[in-house]
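Listed below are the residues making up each chain.
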Amino acid sequence: MDIALAKANEMVQPKLDDQRRSGLPGWTYFSEEILELEKENLFRRCWQLIGHVSDIPLPGDYTTFDVAGERALAVRGKDGGIRCFHNVCRHRGSRVVANAQGNCKSAIVCPFHGWAYNLDGTLRGAPAPRSLPKLEPEKHGLIPLEQEIFHGFIFVRFKPGPQPSVAAMLNIYEPLFIVHKTTEIKPICTMWEAEIPANWKAVRDVDNEGYHVPIAHPGLYDLYGRQYVDELPGRGVGRSVGRFDAVKSKRWSVRHYKTIRPRPSRELGDEANNWTYVGMFPNTVFMLYPEMAGYYQEWPLGVGRTVQRGKMYGHPDERRSMRLARYLAQRIERETAREDHQLIVWSCEAMKSSAFAGIILSDHETGVREYHDQLRELMPVFDQEREPAPGTVAKLNEDLKNATAG
Ligand code: FES
């Protein structure tokens, strides 16, 4: 199939005008009050990716996701459907499943006192029922979450929010998910997870631009040289593409990856020769590679603590060359992530330095500014150059919002 998108070699790097070359004020990276606003406006009210349908292939299989004080659970029902709930027992709020992933057989039994729920979330029963008021299966069942499955990827939203459906947001990039057949992929590795001692926005700031790639990521530079382009069509999504360089690579992992990778199906077309990243506001990045696809995401554990995690999936293919290509690609990725983690910490801690006087963005960092503008739109208090008085951030943000709306 033809991809109805600009091909990688037709993509044009967006440019910044000189009024938009600065970043967010430094205080917003260290403020507990800002973090509370972010939890509410971003992590509870925007779509959160919690896994792929192939993570839970059998009835009773479940996967969980915790963010911003919320706990989500996705479970495969007896009818094959996937349903998402708050991982919160209706009795006294325990997690109803304790592990990150597993199988709960035919019922979800709370580990605290044993209230049991059917896989469709309805309450099946509770121990010592005569000690309790009358319980109703629907009324006292698990509380469902708003959910959406987009080409195999499961999203939830904890509260209603400003974003349209996932399908509407990713509509422009849907041809990529179709051509990579992401509904059919299966896990090829376990989830990786890393804690980074920095504010979560510093993670996004590094990830939202390719200007640093030639210097900071020798592996990626060896893979696609300067042929890395960002595309920012707006509406909370964007695409970055690195086209494989024809030059012979110096690093053995990249050199072998380029030579050994099996030629993928013709359907991939232009996609067969690049690594594509599709970003979705606020914290999801899909990785679409010729031999596999997956995602990574990050969220705050505190003002200066961030978790980043990711997982890769592929189509069934046990050829030795395919296994080796996937191993090498993941090796390059891991190396890149380690390099980024150091840059994230350095750039975040610099904002507390007496020498810090703001940032100066290049045209190759337009993605950073676009992302900051989206934050400003949702939370106008981000425009305040000086930190507001303690205890006033939320109120000021509301006032600024109302002033804009009025
Ligand atoms: Fe779940 Fe008591 S909290 S059974």
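Residues numbered from 1 in each chain as written. Predicted model: local features only at pLDDT ≥ 70, side-chain atom pairs only at ≥ 80, totals over all residues. Heavy atoms only, no water.

Visitor: Just checking my understanding: could you explain the sheet that holds strand β7 (residues 116-118) for this structure?
Guide: Strand pairing within a sheet occurs via backbone hydrogen bonds; the two strands may be parallel or antiparallel. Taking strand neighbours across the sheet as the criterion, the three strands line up as β6-β7-β8 in an open arrangement whose pairing is antiparallel. Two strands close off the open sheet at either side, each with one partner strand: β6 (107-109) and β8 (123-125). The sheet shows a mean angle of 35° between the axes of neighbouring strands, direction not considered. Here β6 runs beside β7; their pairing, made up of three bridges, is antiparallel. Note on β7: the bridge partner recorded for Ile-108 is Tyr-117. (Pairing = 2+ DSSP bridges. Helix = DSSP H or I, 4+ residues; strand = E, 2+ residues; numbered from the N terminus. Axes fitted to C-alpha atoms, helices over the stretch in contact; angles between N-to-C directions.)

Visitor: Before we go on, may I ask you to explain the environment of Pro-197 in this structure?
Guide: Note on placement: Pro-197 falls in the loop between β12 (192-196) and α4 (200-207). With 115 residues separating them along the chain, Pro-197 and Met-312 place their C-alpha atoms 24 Å apart. With sequence-adjacent residues up to four places away left out, Pro-197 is seen in contact with Gly-304 and Val-345. (Contact = heavy atoms within 4.5 Å.)

Visitor: When you look at the side chain of Arg-157 in this model, what are you seeing that I'm missing?
Guide: Position of Arg-157 relative to the elements: it lies in strand β10 (residues 153-157). The class for Arg-157 is buried, based on a relative accessible area of 8%. A polar atom in the side chain of Arg-157 sits 3.0 Å from the side chain of Glu-146. A polar contact of 2.9 Å, which involves the side chain of Arg-157, links it to the backbone oxygen of Gln-163. Among all residues touching Arg-157, those that are not within four sequence positions of it are Arg-44, Arg-45, Cys-46, Trp-47, Leu-145, Glu-146, Gln-163 and Pro-164. (Buried < 20%, exposed > 50% of the residue type's maximum accessible area, 1.4 Å probe, protein only. Polar contact = N/O pair within 3.5 Å; in protein donor to acceptor, adjacent residues only side chain to side chain.)

Visitor: Can you help me understand the nonpolar core in this one?
Guide: Within soluble globular proteins, side chains that are nonpolar tend to cluster in buried spots. The biggest cluster of nonpolar side chains holds 42 residues, and the ones touching the most others in it are Leu-42 and Leu-375. Among the secondary structure elements, those contributing two or more residues to this core are α1 (32-44), β2 (61-67), β3 (70-76), β4 (82-86), β10, α4, α8 (320-350) and α9 (366-378). With residues up to four places along the chain from it excluded, the contact list for Leu-375 reads Leu-24, Leu-42, Trp-200, Lys-201, Phe-281 and Phe-382. In this structure, Phe-153, Leu-170, Leu-288 and Tyr-313 belong to the second largest nonpolar core, which totals 21 residues. (Core = buried A, V, L, I, M, F, W, Y, C linked by side-chain atoms within 4.5 Å.)

Visitor: Which parts of the structure should I look at to understand α1?
Guide: Here α1 contains 13 residues, and its C-alpha end-to-end distance of 17 Å stays within 8% of the 18 Å for a straight helix at 1.5 Å per residue. The axis of α1 is deflected most strongly, by about 35°, at Glu-38. Burial within α1 is extensive, with 10 of its 13 residues counted as buried. When α1 is considered as a whole, its buried residues turn out to be Ile-34, Leu-35, Leu-37, Glu-38, Lys-39, Glu-40, Asn-41, Leu-42, Phe-43 and Arg-44. Where α1 begins, the side chain of Ser-31 points an oxygen toward the backbone nitrogen of Glu-33, at a separation of 3.2 Å. (Expected span 1.5 Å × (residues − 1). Bend = angle between axes of the 7 residues up to and from the residue.)

Visitor: Can you walk me through the packing of aromatic side chains in this structure?
Guide: We describe a pair of aromatic rings using the distance from one ring centre to the other and the angle between the two ring planes. Counted according to the given criterion, the structure contains 16 aromatic pairs. When the ring of Trp-200 is compared with that of Tyr-371, the centres are 6.5 Å apart and the planes differ by 75°; the resulting orientation is edge-to-face. Pair noted here: Trp-200 is in helix α4 and Tyr-371 is in helix α9, with a separation of 171 residues, a long-range link. Its relative accessible area of 0% is what places Trp-200 among the buried residues. Relative accessible area serves as the criterion here: at 6%, Tyr-371 is assigned to the buried category. One aromatic cluster is present, formed by Phe-150, Phe-153, Phe-155, Phe-177, Phe-286, Tyr-295 and Tyr-313 through successive ring pairs. (Phe/Tyr/Trp six-rings, centres within 6.5 Å; stacked < 30°, edge-to-face > 60°.)

Visitor: Mind showing me how you'd approach the pairing of strand β18 (residues 305-314) here?
Guide: Regular strands place side chains that alternate from one sheet face to the opposite one. Of all 10 residues making up β18, nine are buried, and the element is well covered by its neighbours. Relative to β18, strand β11 (residues 186-187) runs antiparallel, the two sharing two bridges. Residue Pro-187 lies in a different strand from β18, and its bridge partner there is Tyr-313. Bridging between β12 and β18 involves five bridges; their strand directions are antiparallel. From the neighbouring strand, Trp-192 faces β18, where its bridge partner is Gly-310. As defined by bridge partners, strand β17 (residues 293-302) adjoins β18 across nine bridges and the pair is classed as antiparallel. Considered in β18, the bridge of Pro-300 is made with Thr-306. Between β17 and β18, which pair antiparallel one after the other, the connecting turn spans two residues.

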